[in-house]
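Observations on the model geometry
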Amino acid sequence: MQNLRVNGDRLWESLMEMAKIGATEKGGNCRLALTDLDREGRDLFVGWCKDAGCTIKVDQMGNIFARRAGKDDSLPPVMTGSHLDTQPTGGKFDGVYGVLAGLEVIRTLNDLGIETDAPIEASVWTNEEGSRFAPAMVASGVFAGVFDLEYGHSRADLDGKTMGEELDRIGYKGSEPVGGREIRAFFEAHIEQGPILEAEEKTIGVVTGAQGQRWFEVTMTGAESHAGTTPMNRRKDALLGASKVVAAVNDIAMKHAPNAVTTVGLMQVSPNSRNTIPGEVFFAVDLRNPEDEALSAMAAELTEICEKVCSEDGLELDLKEIWYSPPIAFDADCVAAVRNGASSENFAHRDIISGAGHDACYISRVAPTGMIFVPCEDGISHNEVENATPEDLAAGCNVLLQAMVARATV
Ligand SMILES: [Zn+2]
């Protein structure tokens, strides 16, 4: 399969054409899930796929599947895909690249007159970003049986409009059941959204899995009192206690370097008055690690430090774990197919773990799955300045083509 090559210019032109829909002044994209602009983007993709001879199916969560028949069309498909929705101030590549790379694979197979043994499908997953409707990746989650259909349809935006209503309104509530069918292999191509590949001058990230996450909510309660009249040794300062925990959370990541990351990104101080000692602080802790055992150890360390600080500072503690997503290891054969594709094309590559969630993470529960990362400028994503080079995007698409053809061969 050495001579299989996608048309990088055509891929780039398609990306730029799609980026016109919901284009923002600063060169980014705003195409929120299930808006009129999302419909326009979907229509454009579906039109392109029909022109490429695909049959289109849409399921009840609005997930789109464009299918190119295989020699043995009864075989489960080799599927690729990602999302067309963006953040409100998103870029042109996050998600869209994975969708249009799938289309480019199909167009290339057409150009070369190659018939794969198993059918090929390019997919679009509804509301990956979780920006308009929470949670993120809800439709691939329904497909993988993580959420039920009713839950998916009932997710509401800030105006109270539900996903079910909005799918109806834009004409993308399909009739196909969501999930429950076999997929031979699933691949998602995506920009890295981080700085590692660019810094190491690698063209391809062979994604071996995604890190696990544990989210906590912590409330520390002390006592409000006058900032001028309360002696230092009589205070129960909840913010002082929380600050010690914030520093300790950072230490937890350092202790479990290099793969752990920890963040306190949200804090509410009460009463938040400059001359009252803070009586109550609420904050959120985000712990991530690719190793489940280490992640559990990090959680235990968090509990220990919270208890220690509260007992020393005379504070009450309420610590709740609100979300646990275990680390994901992608399918060894799919990972190998990506690595082989990168090697055979002589692209500089390295194994990498995804720091972010992707539709592929949920799909990996129901199908053998792999992912391909390509570098993005300065590692920046979820930002209008998000950028990637046509050469890197074409390289990732070539690896996708190689991997899909390999896995579609009986
Ligand atoms: Zn994405």
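Our structure is the block above this text.
Below is a summary of the structure that appears in this document. In this text the structure is predicted, and so the values were computed from the model without any measurement. (Residues numbered from 1 in each chain as written. Predicted model: local features only at pLDDT ≥ 70, side-chain atom pairs only at ≥ 80, totals over all residues. Heavy atoms only, no water.)

Here Gly-164 lies in helix α6 (residues 163–169). A C-alpha to C-alpha distance of 34 Å links Gly-164 and Ile-353, two positions 189 residues apart in sequence. Beyond its immediate sequence surroundings of up to four residues, Gly-164 is in contact with His-153 and Lys-173. (Helix = DSSP H or I, 4+ residues; strand = E, 2+ residues; numbered from the N terminus. Contact = heavy atoms within 4.5 Å.)

With that out of the way, let us pick up the coordination of the zinc ion. Four donors placed tetrahedrally about a metal ideally form angles of 109.5 degrees, and six donors placed octahedrally ideally form angles of 90 or 180 degrees. Distances from the zinc ion to its protein donors, His-83 (NE2), Asp-94 (OD) and His-190 (NE2), fall at 2.0 to 2.2 Å. In primary sequence terms, the donor set of the zinc ion follows H-x10-D-x95-H. In this pair, Asp-94 sits in the loop between β3 (78–82) and α3 (96–112) while His-190 sits in strand β5 (residues 185–191), placing the two residues 96 residues apart along the sequence. For the pair Asp-94 and His-190, one class covers both residues: buried. (Donors = N, O, S within 2.8 Å, 3.2 Å for Na, K, Ca; no water. Buried < 20%, exposed > 50% of the residue type's maximum accessible area, 1.4 Å probe, protein only.)

On the surface, Trp-215, Ile-322 and Trp-323 cluster together into a nonpolar patch covering about 260 Å² of accessible area. Tracing the backbone through its elements, the reader meets Trp-323 in strand β10 (residues 316–325). Given a relative accessible area of 31%, Trp-323 falls into the partly exposed group. (Patch = residues over 30% accessible without salt bridge, like charges linked within 9 Å, V, L, I, M, F, W, Y side chains within 5 Å. Areas by Shrake-Rupley, 256 points an atom, 1.4 Å probe, with all protein chains shown as cover. Salt bridge = Lys/Arg side-chain N within 4 Å of Asp/Glu carboxyl O.)

All right, on to the packing of aromatic side chains then. Working definition: an aromatic ring pair is given by the centre-to-centre distance plus the angle between the planes. Here the structure, examined in full by the defined rule, presents eight aromatic pairs. Between Trp-125 and Phe-186 the ring centres are 6.1 Å apart and the planes differ by 70 degrees, which places this aromatic pair in the edge-to-face class. In this pair, Trp-125 sits in the loop between β4 (120–124) and α4 (138–143) while Phe-186 sits in strand β5, placing the two residues 61 residues apart along the sequence. On the basis of relative accessibility, which here comes to 0%, the residue Phe-186 falls in the buried class. Three or more aromatic residues link up through ring pairs in this structure, and these residues are Phe-65, Trp-125, Phe-143 and Phe-186. (Phe/Tyr/Trp six-rings, centres within 6.5 Å; stacked < 30°, edge-to-face > 60°.)

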